[in-house]
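In case you want the letters, here they are:
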Amino acid sequence: MQELEERILKDGIVKPGNVLKVDAFLNHQCDVELFDHMGAAWAEHFRDAGINKILTIEASGIGIACVAARHFGNIPVVFAKKAQSINLDGDQYVSTVFSFTKQREFPVIVSRKYLSAEDRVLILDDFLANGKALQGLIDICDHAGATVAGIGIAIEKGFQGGGDALREAGYDLDSLAIVDAMDPVDGSISFRK
Ligand code: 5GP
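Residues numbered from 1 in each chain as written. Predicted model: local features only at pLDDT ≥ 70, side-chain atom pairs only at ≥ 80, totals over all residues. Heavy atoms only, no water.

Caption draft 1: Highlighting the layout of surface pockets. What the largest pocket holds in volume is close to 680 Å³. Lining the largest pocket are 30 residues, and of these Lys82, Ser99, Thr101, Asp126 and Phe127 sit closest to its centre. For the lining of the largest pocket, the class distribution of residues is 14 nonpolar, seven polar and nine charged. (1 Å grid on protein atoms, 1.4 Å probe; cavity = no way out; pocket = protein on both sides within 12 Å on 5 of 7 lines; lining within 4 Å. Points joined across faces, edges and corners; volume = space filled by probe spheres on them. Nonpolar A, V, L, I, M, F, W, Y, C, P; charged D, E, K, R; others polar.)

Caption draft 2: Just the site of the ligand, in detail. The environment of the ligand is made up of 16 residues, and the closest members are Leu20, Ala129, Gly131, Ala133 and Lys157. Take Asp126: an N or O atom from its side chain is 3.4 Å from an oxygen atom of the ligand. Take Lys132: an N or O atom from its main chain is 3.0 Å from an oxygen atom of the ligand. Summarising the interface, the protein chains cover 89% of the accessible area of the ligand, which totals 500 Å² for the free molecule. Using a 2 Å cut-off from the grid points, one finds that the ligand occupies the largest pocket. With four residues, the top contributor of residues to the shell around the ligand is strand β7 (residues 120-128). Here the shell around the ligand is built from residues that sort into seven nonpolar, five polar and four charged. (Near = heavy atom within 4 Å. Polar contact = N/O pair within 3.5 Å; in protein donor to acceptor, adjacent residues only side chain to side chain. Areas by Shrake-Rupley, 256 points an atom, 1.4 Å probe, with all protein chains shown as cover. Sits in = over half its atoms within 2 Å of the grid points. Helix = DSSP H or I, 4+ residues; strand = E, 2+ residues; numbered from the N terminus.)

Caption draft 3: A look at the UniProt feature "binding site: xanthine" (unreviewed entry) in the chain. Taken from the UniProt record, the annotation "binding site: xanthine" (unreviewed entry) applies to Leu20, Asn27 and Lys157. None of the other annotated residues line the largest pocket; only Leu20, Asn27 and Lys157 do. Along the chain, the position of Leu20 falls in strand β2 (residues 19-21). For Leu20, a relative accessible area of 5% corresponds to the buried category. When neighbours within four sequence positions are excluded, Leu20 is seen to be in contact with Ile8, Gly12, Ile13, Val14, Phe127, Ile155, Val179, Met182 and Ile189. (UniProt positions renumbered as here; feature names shortened; annotations may be inferred. Buried < 20%, exposed > 50% of the residue type's maximum accessible area, 1.4 Å probe, protein only. Contact = heavy atoms within 4.5 Å.)

Caption draft 4: Region of interest: the nonpolar core. Counting 35 residues, the largest nonpolar core has Leu20, Leu26 and Ile155 as the members making the most contacts within it. Those elements that provide at least two residues to this core are α1 (2-11), α2 (23-27), α3 (32-45), α4 (60-69), β7, β8 (147-157), β9 (173-182) and β10 (189-191). In this structure, Leu26 is in contact with Phe35, Met38, Ile64, Asp126, Phe127, Ala154 and Ile155, ignoring residues within four places of it in sequence. Grouped together as the second largest cluster of nonpolar side chains are 25 residues, Ile57, Val78, Ala80 and Val97 included. (Core = buried A, V, L, I, M, F, W, Y, C linked by side-chain atoms within 4.5 Å.)

Caption draft 5: Looking closely at the sheet that holds β10. Read across the sheet, six strands follow the order β4-β3-β7-β8-β9-β10 without closing on themselves; strand pairing throughout is mixed. Looking at strand neighbours, the two that pair on one side only are β4 (77-80) and β10, the edges of this open sheet. Looking at each pair of strands side by side, their axes are set apart by 30° on average, direction ignored. Where β9 and β10 come together, three bridges link them in antiparallel fashion. What sits directly across from Ala181, in β10, is Ser190. (Pairing = 2+ DSSP bridges. Axes fitted to C-alpha atoms, helices over the stretch in contact; angles between N-to-C directions.)

This is the structure:
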């Protein structure tokens, strides 16, 4: 998606440790018009996938997913919670994710009330690096017997391999921008074409 690639080049900051900061439009300040165009792109890609629910993970996925849901006929958005919460009633699907940015494990939790074997799920997230966060969400869909009908990602870091492994495993993965290389010294970013 050219608009997203241009925005990454304009406002993205390459940090050491293979981290791309996009707080200006995706992870802190949100450009809702850009989110809207991202949602339209996923709706076009997944138009025949029969999706009836979007699953994402807190926090940055929520805004993206809610705007995208407007393009899928206002289907529900469920976000996985990252820690046990007193607000959850104990009847939950749980998986464990290793966080790339925080370098530690944390549980991801979805209430059984909001995911079932009838669901055809589109998993959405802001970033895909090694694929651990997505694997946690896929696990939760598997526990629920739900079908993972597609995966939409805003920014995939192609050089970290998580996306290619998911494609090889047969998932329909639509990443709107795939970063092939980035350099924290000169700030350069290049995309897979
Ligand atoms: P993975 O689990 O695929 O290794 O990493 C994906 C998760 O880590 C995303 O949900 C995102 O929160 C975070 N993440 C991974 N790489 C980056 C990055 O370069 N920049 C930012 N802002 N978040 C990242």
